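# Structural features, examined
Chain residues, written in single-letter form:
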Amino acid sequence: MAKSFLTEIKEHFGSGNYEGDEHGGANGASGQGLPTGSPGNFMFATGIECSYPTIEHGKVRRDLLEECGHYEHWKKDLQLVQDMGLKVLRYGLPYYSMHKGPGEYDWEFADKVMAEIQRLEITPILDLMHFGVPDWLGNFQNPELPVHFAEYCGAVAQRYPWVRYYTPINEIYVTAKLSAKDGIWNEQLRSDEAFVTAIKHMVAASIMGNQQIAKHRPDCVIVQSESAEYTHELRTERTPHIQLENKLRFLALDLLYAHHPDGEVVSYLRKNGLTQEEYDWFMVGEPPGYQIMGNDYYGRNERMILPDGEVLVASDVMGWFNITHDYYLRYRKPVMHTETNIFDPNEAPIWLWKQWVNILQMRKIGVPVLGFTWYSLIDQVDWNRGLEVKEGTVNACGLFDMDRNPRPVAAAYKRLLQEYGQIAIIPHGELFEQTSRPATLKVEI
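Now for a description of the structure that goes with this document.

The rules we used
Residues numbered from 1 in each chain as written. Predicted model: local features only at pLDDT ≥ 70, side-chain atom pairs only at ≥ 80, totals over all residues. Heavy atoms only, no water. Helix = DSSP H or I, 4+ residues; strand = E, 2+ residues; numbered from the N terminus. Expected span 1.5 Å × (residues − 1). Buried < 20%, exposed > 50% of the residue type's maximum accessible area, 1.4 Å probe, protein only. Pairing = 2+ DSSP bridges. Axes fitted to C-alpha atoms, helices over the stretch in contact; angles between N-to-C directions. Parallel < 35°, antiparallel > 145°, perpendicular 65-115°, else oblique. Contact = heavy atoms within 4.5 Å. Nonpolar A, V, L, I, M, F, W, Y, C, P; charged D, E, K, R; others polar. Right-handed = clockwise from strand over helix to strand, strands pointing away. Polar contact = N/O pair within 3.5 Å; in protein donor to acceptor, adjacent residues only side chain to side chain. Salt bridge = Lys/Arg side-chain N within 4 Å of Asp/Glu carboxyl O.

On to helix 13 (residues 319–331). In a regular helix each residue adds 1.5 Å, so 13 residues correspond to 18 Å; helix 13 covers 19 Å between its end C-alpha atoms and thus fits that length. Residues of helix 13 that are buried: Gly319, Trp320, Phe321, Ile323, Thr324, Tyr327, Tyr328 and Tyr331. Two residues or fewer past helix 13, Arg332 is found with a positive phi of approximately 55 degrees.

To continue, consider the sheet that holds strand 12 (residues 302–305). Pairing between sheet strands relies on hydrogen bonds along the backbone, with the strands arranged either parallel or antiparallel. Taken in spatial order, the three strands make up an open sheet running 10-12-13, and their pairing is mixed. Here the strands that pair on one side only, and so sit at the sheet edges, are strand 10 (230–233) and strand 13 (311–313). Pairwise comparison of adjacent strand axes, ignoring direction, gives a mean angle of 25 degrees for this sheet.

With that out of the way, let us pick up the packing of helix 1 (residues 5–13) against helix 6 (residues 145–159). Relative to each other, helix 1 and helix 6 sit at 50 degrees, their axes nearing to 8 Å. Here helix 6 runs oblique to helix 1, going by the angle between their axes. Along the contact surface, helix 1 presents Phe5, Glu8, Ile9, His12 and Phe13, while helix 6 presents Pro146, Val147 and Glu151. Split by residue class, the contact of helix 1 with helix 6 holds five nonpolar, one polar and two charged.

This part is about the pairing of strand 15 (residues 369–375). Summarising burial for strand 15: seven of the seven residues are buried, a large majority. When strand 1 (residues 43–47) meets strand 15, the two strands line up parallel, connected through five bridges. Within strand 15, the position partnered with Phe44 by the bridge is Phe372. Sheet analysis places strand 14 (residues 335–339) next to strand 15, joined by two bridges and oriented parallel. From the neighbouring strand, His337 faces strand 15, where its bridge partner is Phe372. Crossover handedness for the path strand 14 to helix 14 (residues 348–364) to strand 15: right-handed.

A few words now on the pairing of strand 12. Sheet topology note: the strand 10/strand 12 ladder contains four bridges and is parallel. Its bridge partner lying in strand 12, Glu233 is registered against Ile305. Counting the residues between successive antiparallel strands, the hairpin from strand 12 to strand 13 contains five residues, one of them, Gly309, with a positive phi of roughly 95 degrees.

Below, the discussion takes up the sheet that holds strand 1. Strand order around the closed barrel formed by eight strands is 1-4-7-8-9-11-14-15, with parallel pairing between neighbours. Going across the sheet, the axis of each strand differs from the next one's by a mean of 30 degrees, ignoring polarity. Direction of pairing for strand 9 (residues 221–227) relative to strand 11 (residues 290–296): parallel, over a ladder of seven bridges. Paired with Ser227 across the strands is Asp296, a residue of strand 11.

Here the focus is the side chain of Glu302. Examined against the element boundaries, Glu302 turns out to sit in strand 12. Among the polar contacts listed, one links the side chain of Glu302 to the backbone nitrogen of Gly319, at a separation of 3.2 Å.

This part takes up the packing of helix 1 against helix 12 (residues 276–283). If you want to describe how two helices pack, look at the angle between their axes and the distance between the axes. Contact pair helix 1 / helix 12: the axes reach a minimum separation of 10 Å and the direction vectors enclose 70 degrees. Of the possible angle classes, the one that applies to helix 1 and helix 12 is roughly perpendicular. Here helix 1 contributes Phe5, Leu6, Ile9 and Lys10 to the contact with helix 12, which in turn contributes Glu277, Glu278, Trp281 and Phe282. Its residues assigned to classes, the contact of helix 1 with helix 12 shows five nonpolar, no polar and three charged.

Here we take up helix 9 (residues 240–248). Every buried residue of helix 9 is listed here: Ile242, Leu244, Asn246 and Leu248. Check the buried side of helix 9 and you find it contacts helix 7 (172–181), helix 8 (192–216), strand 10, helix 10 (251–256), helix 11 (263–271) and strand 12.

One pass over the full model with this rule turns up 25 salt bridges. Between Glu11 and Lys3 there is a salt bridge, with the nearest N and O atoms lying 3.3 Å from each other. Residue Lys3 is classed as partly exposed on the basis of its relative accessible area, which comes to 42%. The residue Lys10 makes a salt bridge to Glu277 at a minimum N-O spacing of 3.0 Å.

Here is the structure:
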């Protein structure tokens, strides 16, 4: 029988001396509430594309920070963020190259970049794992992952104590699916058991990492970026495995937020290796800090399956609003639109405004929305093939091209900021902000 991640946690931290041993994975914290702020605190953001999975059975490491020129142009890239008038940046440090071994880190690049981010007064949402792990950790089947990743999170939070916003692990569901079920990245496995193993290890790693961050920043804001998925099956008789997939899209957040899945999903988990002890560990409570549900939406996140089995991109049939609203009703968390783009640069401004309409509609019905992100700052590479093959195809989806010249969407985003840049997270939220102590009323008798 494979070693459990719980065994690794207990052996490393000692029974009764680590978060989650007595009280479950998340130590029973509520994770509710919003960070305080003031008018203009809505988080208009962009991001630096930083994916780093391995392909070809570990022989090739994709590093999009390198392939998109960020290591060479990092100072220029950060200046472009400021020039755009954006105050927030989803930024991913290269975990796979920074974490050299247990307790061993290479801070050289991170220190330079983080100092510049701080100097420019950009608020980073620090992304600590983005689709890959260091070679010495192997892949997401390794039960030691939660222990070592948690130590890394603690080390980052200790080194950069001024950082408040974090995404411990980006898109857990997508990472597990492409790595362990679709056979494209990292372990390149194709089984339900490998998928469940990857999910449980990453969610446990996120929880443990969150706890280590909170030790240094008890007021941390955790923006859990997950893809807003949905599959439309256009058949009179539904296919069981496709209907199950529409339930499994919630799996990472169910385990992270201690939300009991339905019976079919629980049965699936048990059949594919999640023990009762592990399930109970996840279900005790939520991680500490303020928990924000980030939903990424691209047209390809929404699919249609035709009667003959053909799969089509369903781009914007339901859209970010409807899909994210389903997630919101399930978890009741403040939300953020954490990623979007389109590969056609001429259509990108229209796509930007359409996504913004989704944001306005969500706010209109009273759902607290933390922010919006055009992802990414610079064009990307090979995402038309899901990074599966290293072809070097430039995807013209950035605010700027590879030469750091603006795309049309950059001007559209600036116009959006001019119109909406001073809105608050909650409409009229400034009414509830006490900015100064009320004057003492002096009564003369």
